[in-house]
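# Results of the structural survey
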Amino acid sequence: MAEKLMKYSEACKQFDPVFGLETHVELCTNTKLFCPAHIEFGGEPNTQLTPVSLGLPGSLPVVNKTAVDYAIKLGLALHCEINEWSQFARKNYFYPDMPRDYQISQYDKPTNGNGYLDVELEDGTVFRVPIERAHIEDDAGKNTHVGGADGRIEGADHSLVDYNRAGVPLIEIVTKPIEGAGDRAPEIAGAYMRAIRDIVRALGISHARMEQGNMRADVNLSLRRSPNDPYGTRSETKNVNSFRGIEKTLQYEIRRQAAILSEGGEILQETRHWDEATQTTAGGRVKSDADDYRYFPDPDLVMLHITKEHIAEIEAQMPEMPRERRNRLKAEWDLTDLQMRDILNADALDLIEETVKSGATAAGARKWWLGELSREANAKGVSLEELPVTPADVAQVEKLIADGKLNDKLAKQTIAGVLAGEGTPDEVVAKHNYKIVEDSGAIESAVEAAFEANPDVVEKLKSGNMKPMGVIIGAVMKATRGQADAKAVTKIVMSKIKS
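Residues numbered from 1 in each chain as written. Predicted model: local features only at pLDDT ≥ 70, side-chain atom pairs only at ≥ 80, totals over all residues. Heavy atoms only, no water.

Here the focus is the overall build of the chain. What the chain contains, in helices and strands, is 17 helices and 16 strands. Seen along its three principal axes, the alpha-carbon backbone of the chain occupies a region of about 95 × 55 × 50 Å. Counting all 499 residues of the chain, 47% fall into the buried class. By sequence separation, contacts in the chain at least 24 residues apart represent 69% of the contacts at least 6 residues apart. About 24,800 Å² of surface is accessible on the chain, with carbon and sulfur atoms providing 51% of the total. Averaged over its 61 positive side-chain charges, the chain has a centre that lies 5 Å from the centre of its 78 negative ones. (Helix = DSSP H or I, 4+ residues; strand = E, 2+ residues; numbered from the N terminus. Buried < 20%, exposed > 50% of the residue type's maximum accessible area, 1.4 Å probe, protein only. Contact = heavy atoms within 4.5 Å. Areas by Shrake-Rupley, 256 points an atom, 1.4 Å probe, with all protein chains shown as cover. Lys, Arg positive; Asp, Glu negative; His and termini not counted. Charge placed at Lys NZ, Arg CZ, Asp CG, Glu CD.)

Shown next as structure tokens:
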């Protein structure tokens, strides 16, 4: 039965939303957090394993130094305090994808704590999100439920477990309760998650592909009547793996909880799950508090000692952060706020920058990635990065245009050939013999033929009405298979109508 919902605007008038995000970022180390098992997305199930991955008796974990350094990098980027001493703890729970029956995480002594991240919203407003901690832990395996609807456990007749992911290093970034967001809570959550994605990619510590599970979030939400009231009972929607899903989860939970509270009901502290198909959340299990996990220090792992000198070494390696980079590129490329926002919304900033580095102008690179290539990506239902064309390809096409070897139509045909797998731009041009017709005699002949076929248009042009000029140019371009230079055609047409 469908749950009662209050209108979103009304819910935000009657209640003050408080939300929090627990973001799991999978690190792109070569090996797992506590063993030398190789990590590769999409590998054959249960092939990336060691005794430690499987929690076999007598196996002992050894921490991955690179993962710790990655955690320090992220802590610095999130303005966290890097603790000199941190400790791994066992988080006990029982589920088929956790072969040890406990997760190795961090509890009261995390590597990073007490930070913040300033996120910029579409209208330029900057909102500060407080960070409670960013701790290191290992991931669980993956359950696949067979026989149920949409891979759910409900109605399944059996489940399969793949332990390739078990032991992959994660950083969990836990915000403090986020207050003062009001009806912009979903927008702030989305902007925050995109900022985290951009930061971990800039740091080179994660691929952060949500569709591959590299990054996901648990979304916590509670309502209260007034900002002066204590926090309400919260729900926690688990493992939401898209920016839009996170925004929609908050909108739905605000509406759902507001409807319950307005009728005098109580919110159940529980985990919930976002259903992309129905755009709703569904109840799961009663939420465990930290005490239920029976945390205690892992006796097989010594405490981590992170010296000030080591932090200084890592800080010296920190790259330019995404927000500063965006501001720099916006100035270098002479973009308006709207133009930069279009680039960010299309997730095209990296591609455009690489295209410029390959020799294209910023305007030319932006035209291709936000125009022809965006349309192609949308039609195929893929991201721009997934298209079979590189920034170097786009830069090469731009160079062919600048050198006068291709016009816009031939350039589009060349890009289409690259997308079709016909090779590089030069190879596509050679294969189809794409070239601009420079023979003025051939262009004149085509213009004369167009004049003869369109005498009424010619009369209008001679009388000073230039609106139908496109008819003549179009006929010439058709006759030359799009290979005539439009400027040369226009020049010849103008000389003939004036003679």
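A sheet is described by the order of its strands in space; here 3 strands give the open sequence β5-β4-β15, paired in antiparallel fashion. Single-partner strands in this sheet number two, and they are β5 (102-105) and β15 (296-297). (Pairing = 2+ DSSP bridges.)

Let us now look at the packing of aromatic side chains. Evaluated as defined, the whole model comprises 4 aromatic pairs. Judged by centre distance (6.2 Å) and plane angle (70 degrees), the ring pair of tyrosine 93 and tyrosine 293 falls under edge-to-face. Pair noted here: tyrosine 93 is in the loop between β4 (89-92) and β5 and tyrosine 293 is in the loop between β14 (280-286) and β15, with a separation of 200 residues, a long-range link. Residue tyrosine 93 is classed as partly exposed on the basis of its relative accessible area, which comes to 24%. Residue class for tyrosine 293 comes out buried when judged on its relative accessible area of 11%. Taking the centre distance of 4.1 Å and the plane angle of 0 degrees together, the rings of tyrosine 107 and tyrosine 295 count as stacked. (Phe/Tyr/Trp six-rings, centres within 6.5 Å; stacked < 30°, edge-to-face > 60°.)

Considering all chains together, one arrives at 39 salt bridges under this definition. We note a salt bridge from glutamate 253 to arginine 256, for which the minimum N-O separation is 2.8 Å. Here glutamate 253 and its partner arginine 256 are both found in helix α4 (residues 243-262), 3 residues apart, which amounts to about one turn of the helix. Both residues of the pair, glutamate 253 and arginine 256, count as buried. (Salt bridge = Lys/Arg side-chain N within 4 Å of Asp/Glu carboxyl O.)

Counting buried positions over the 7 residues of strand β10 (residues 169-175) gives 7, a clear majority of the element. Where burial is concerned, the two faces of β10 agree: the one with Pro169, Ile171, Ile173 and Thr175 and the one with Leu170, Glu172 and Val174 are both buried. As defined by bridge partners, strand β1 (residues 16-26) adjoins β10 across 5 bridges and the pair is classed as antiparallel. In the sheet register, threonine 23 faces β10, and the bridge partner there is isoleucine 173. Where strand β7 (residues 126-138) and β10 come together, 7 bridges link them in antiparallel fashion. Paired with histidine 135 across the strands is glutamate 172, a residue of β10.

Attention now goes to the packing of helix α11 (residues 391-402) against helix α12 (residues 408-419). One can describe the packing of α11 onto α12 by two numbers: an axis separation of 10 Å at closest approach and a directional angle of 155 degrees. By the angle class used here, α11 and α12 are roughly antiparallel. Regarding α11 and α12, the two cross each other, and that crossing is right-handed. Touching Asp393, Val397 and Ile401 of α11 are Asp408, Ala411, Thr414, Ile415 and Val418, all from α12. Across the contact of α11 with α12, the residue classes break down as 5 nonpolar, 1 polar and 2 charged. (Axes fitted to C-alpha atoms, helices over the stretch in contact; angles between N-to-C directions. Parallel < 35°, antiparallel > 145°, perpendicular 65-115°, else oblique. Left-handed = near helix turned anticlockwise from the far one by under 90°. Nonpolar A, V, L, I, M, F, W, Y, C, P; charged D, E, K, R; others polar.)

On to the side chain of serine 86, then. Relative to the helices and strands, serine 86 is located in strand β3 (residues 85-86). What makes serine 86 buried here is its relative accessible area of 0%. One polar contact links serine 86 to threonine 111, side chain to side chain, over a distance of 3.3 Å. Setting aside residues no more than four positions away along its own chain, serine 86 makes contact with Gln106, Lys109, Pro110, Thr111, Met303, Leu304 and Ile306. (Polar contact = N/O pair within 3.5 Å; in protein donor to acceptor, adjacent residues only side chain to side chain.)

Quick look at the packing of helix α8 (residues 349-357) against α11 now. Running from N to C, α8 and α11 cross one another at 50 degrees; their axes reach a closest spacing of 8 Å. One element, α8, and the other, α11, form an angle in the oblique class. When you trace α8 past α11, the crossing you get is right-handed. Residues Leu351, Glu354 and Thr355 of α8 form the contact with α11, whose own contacting residues are Pro391, Val394 and Ala395. Counted by class, the contact of α8 with α11 contains 4 nonpolar, 1 polar and 1 charged residues.

With respect to topology, 9 strands assemble into an open sheet ordered β2-β6-β7-β10-β1-β11-β12-β13-β14, the strand pairing being mixed. Here the strands that pair on one side only, and so sit at the sheet edges, are β2 (81-82) and β14. Note that β1 and strand β11 (residues 215-224) share 10 bridges and pair antiparallel. Considered in β11, the bridge of histidine 24 is made with arginine 216. Packed onto the sheet, helix α3 (residues 185-203) meets β1, β6 (112-120), β7, β10 and β11 and runs at close to 20 degrees relative to β1.

What follows concerns unusual backbone geometry. With a phi close to 50 degrees, alanine 208 is a non-glycine residue in the positive phi region. Assignment of secondary structure puts alanine 208 in the loop between α3 and β11. A positive phi angle, close to 60 degrees, is found at glutamine 279, a residue other than glycine.

Attention shifts here to helix α13 (residues 425-432). For α13, the full list of buried residues reads Pro425, Val428 and Val429. End-on, the buried residues of α13 take up no more than an arc of 100 degrees, which puts them together on one face. Opposite the buried face of α13, by more than 90 degrees, sit the exposed residues Ala430 and Lys431. (Arc of directions from axis to C-beta.)

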